Amino acid sequence: MNQTTVTEILLLGFQNLHNFRIPFFSMILLIYILTFCANVLILVLVSVSRNLQSPMYFFLQQLSICDLLQTTTIVPIMLQTIIKGRATITIGWCFTQWYLFDGSETWECLLLTAMSFDRYVAICNPLHYSSIIDHKVCVKLVILLWLTGFGVSLVISSSIGTLVFCKQTTINHFFCDFAPLLELSCSDSNFVHIEAALLSIPTLITPFIIVIISYICIARAILKIVSNIGRQKAFSTCSSHLAVVSIFYGTLIGIYVVPNQGQSVTKSKVISLLYTVVTPLLNPIIYTLRNKDIKDAGKKVLDIWATHIY
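Residues numbered from 1 in each chain as written. Predicted model: local features only at pLDDT ≥ 70, side-chain atom pairs only at ≥ 80, totals over all residues. Heavy atoms only, no water.

## A short note on helix α7 (residues 190-223)
Selection criterion: Strands are runs of DSSP state E lasting at least 2 residues, helices are runs of H or I lasting at least 4, and numbering of each runs from the N terminus. Take the residue count of a helix, subtract one, and multiply by 1.5 Å to get its expected span. The bend at a residue is defined as the angle formed between two axes, one fitted to the seven residues ending at that residue and one fitted to the seven starting there. Each residue's exposure class comes from its accessible area (1.4 Å probe, protein chains only) as a fraction of the maximum for that residue type: buried when under 20%, exposed when over 50%, partly exposed otherwise.
The first and last C-alpha atoms of α7 sit 47 Å apart over 34 residues, in line with the 50 Å expected at 1.5 Å per residue. A maximum bend of about 50 degrees is found in α7 at Ser200, where proline Pro202 lies one to four positions downstream. All of the buried residues along α7 are Val192, Ala196, Ser200, Thr203, Pro207, Val211, Ser214, Tyr215, Ile218, Ala221 and Ile222.

Okay, here's the thing in structure tokens:
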């Protein structure tokens with residue numbers, strides 16, 4: 001009867017930074033600026049370049065949108081926790097932050113699965129690629145993935161919203177993640193854990209299995225190519241996506257799947273930092289550095305821009 005409903009949440013962020021506070025703040029801010037610029041650059045290049053009007057680059061454009069949403073949801077509050085040592089947000093914004101982050105993560109997981117299927121069709125069934133995957137199919141698929149990703153997140157968020165939050169108002173993290181948020185609840189949250197686990201089957205586990213199967217088929221198809229040049233060309237078309245998938249699932253499994261018993265809070269924050277801040281920067285870097293078409297499109301845009309100036 002004496003319980004007080006929580007209206008504000010205190011995020012502790014990274015404690016004990018001391019003299020490293022300003023350098024760490026500067027590093028995260030620089031990463032965010034680079035992430036924003038790199039992903040916006042991909043959005044622009046894919047939009048204006050005729051050579052990039054294909055399903056693969058359309059999906060890459062959507063991945064950039066997802067990364068921009070993810071980092072913009074997390075980084076501003078995190079920068080506040082770094083520079084001030086803590087940050088106070090309303091319980092409503094805490095729910096909203098987790099909803100946007102979880103929705104973008106779920107959507108990215110589904111999107112990477114669609115991208116792996118796109119590479120599978122392109123390499124294993126190239127003659128029918130244009131008839132199987134065209135622009136209309138891609139648009140419909142992306143809309144479906146958006147609705148699925150954020151729809152699943154809305155279901156879990158609604159369940160979290162039915163919980164009672166009282167007394168404890170401090171989260172020892174730099175954003176409102178799933179486990180730290182549920183730890184604040186003074187009511188039984190087992191059904192939320194069960195619901196999240198069940199929904200992870202179609203949105204995380206099944207897509208991961210599809211990605212593995214797709215790349216097994218791709219690897220078998222590449223090995224059957226007689227020409228070494230043909231093998232290298234086939235592998236180069238999917239190597240960037242494979243690198244992004246490995247980083248994404250590696251960090252995701254490290255924080256959510258591997259049991260965190262005995263795992264320090266600092267270690268958990270570092271892993272979370274990798275997939276919330278570093279990975280969205282690595283995605284465009286991997287694609288731009290390893291993709292000749294994007295580099296060529298970038299050079300053409302720079303040449304046109306320089307011509308208009310001079």
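## A closer look at a nonpolar patch on the surface
Keep this limit in mind: A patch is a set of surface residues, each over 30% in relative accessible area and not in a salt bridge, joined within 9 Å for like charges and within 5 Å for the nonpolar side chains Val, Leu, Ile, Met, Phe, Trp and Tyr. Using a 1.4 Å probe, the Shrake-Rupley method yields the accessible areas, and only the shown protein chains count as cover for residues. In the sections that follow, a salt bridge refers to a side-chain nitrogen of Lys or Arg positioned within 4 Å of a carboxyl oxygen of Asp or Glu.
Taken together, the side chains of Ile194, Leu198, Ile201, Ile205, Ile209 and Ile213 present a nonpolar region at the surface, about 550 Å² in accessible area. As for its placement among the helices and strands, Ile205 is situated in helix α7.

## A short note on the pairing of strand β1 (residues 8-11)
Here is the rule we go by: Should DSSP find at least two bridges between two strands, the strands are taken to pair.
In terms of strand pairing, β1 meets strand β2 (residues 87-90) through 4 bridges, oriented antiparallel. Looking at β2, one finds that Leu11 is bridged to Ala87. By the bridge criterion, 2 bridges tie β1 to strand β3 (residues 170-171) in an arrangement that is parallel. Directly across from Leu11, in β3, lies its bridge partner Ile171.

## So, the sheet that holds β2
Strands pair in a sheet through their backbones, by hydrogen bonds, and they do so in one of two ways: parallel or antiparallel. Selection rule: Here a residue-residue contact requires only that any non-hydrogen atoms of the pair lie within 4.5 Å. All axes are obtained by fitting lines to C-alpha atoms, using only the stretch in contact for helices, and the reported angles, taken between N-to-C directions, cover 0 to 180 degrees.
The 3 strands lie next to each other as β2-β1-β3, forming an open sheet whose pairing is mixed. Of all strands in the sheet, those with a lone pairing partner are β2 and β3, marking the two edges. Relative to the sheet, helix α2 (residues 55-84) contacts β1 and β2, its axis offset from that of β2 by approximately 140 degrees. Helix α3 (residues 91-124) rests against β1, β2 and β3 of the sheet, and its axis sits at about 90 degrees to β2.

## Let's talk about the UniProt feature "transmembrane region" (unreviewed entry) in the protein
Filter applied, for reference: UniProt positions are given in the numbering used here, feature names are shortened, and annotations may be inferred rather than shown by experiment.
Mapped onto the present numbering, the UniProt feature "transmembrane region" (unreviewed entry) falls on residues 20-46, 141-165, 197-223, 235-258 and 270-289. Across residues 141-165, helical content stands at 84% and strand content at 0%; the span's end C-alpha atoms are separated by 38 Å. For residues 197-223, helix accounts for 100% and strand for 0%, while the C-alpha atoms at its two ends are 37 Å apart.

## Side note on the packing of aromatic side chains
For the record, the criterion: When the centres of two rings from Phe, Tyr and Trp lie within 6.5 Å, Trp using its six-membered ring, the rings pair. Their planes under 30 degrees apart give stacked, over 60 give edge-to-face, and anything left gives tilted. Throughout this description, the term charge over a ring refers to an Arg CZ or Lys NZ atom that lies within 6 Å of the ring centre and within 35 degrees of the ring normal.
The tally for this structure, following the rule as stated, stands at 15 aromatic pairs. Ring geometry for Phe174 and Phe175: centres 5.3 Å apart, planes at 45 degrees, overall tilted. Its relative accessible area of 0% is what places Phe174 among the buried residues. Judged by relative accessible area, which is 0%, Phe175 ranks as buried. Three or more aromatic residues link up through ring pairs in this structure, and these residues are Phe14, Phe20, Phe24, Phe101, Phe174, Phe175 and Tyr275. A cation over a ring is seen here: Lys269 above Phe14, with NZ or CZ 5.9 Å from the ring centre.

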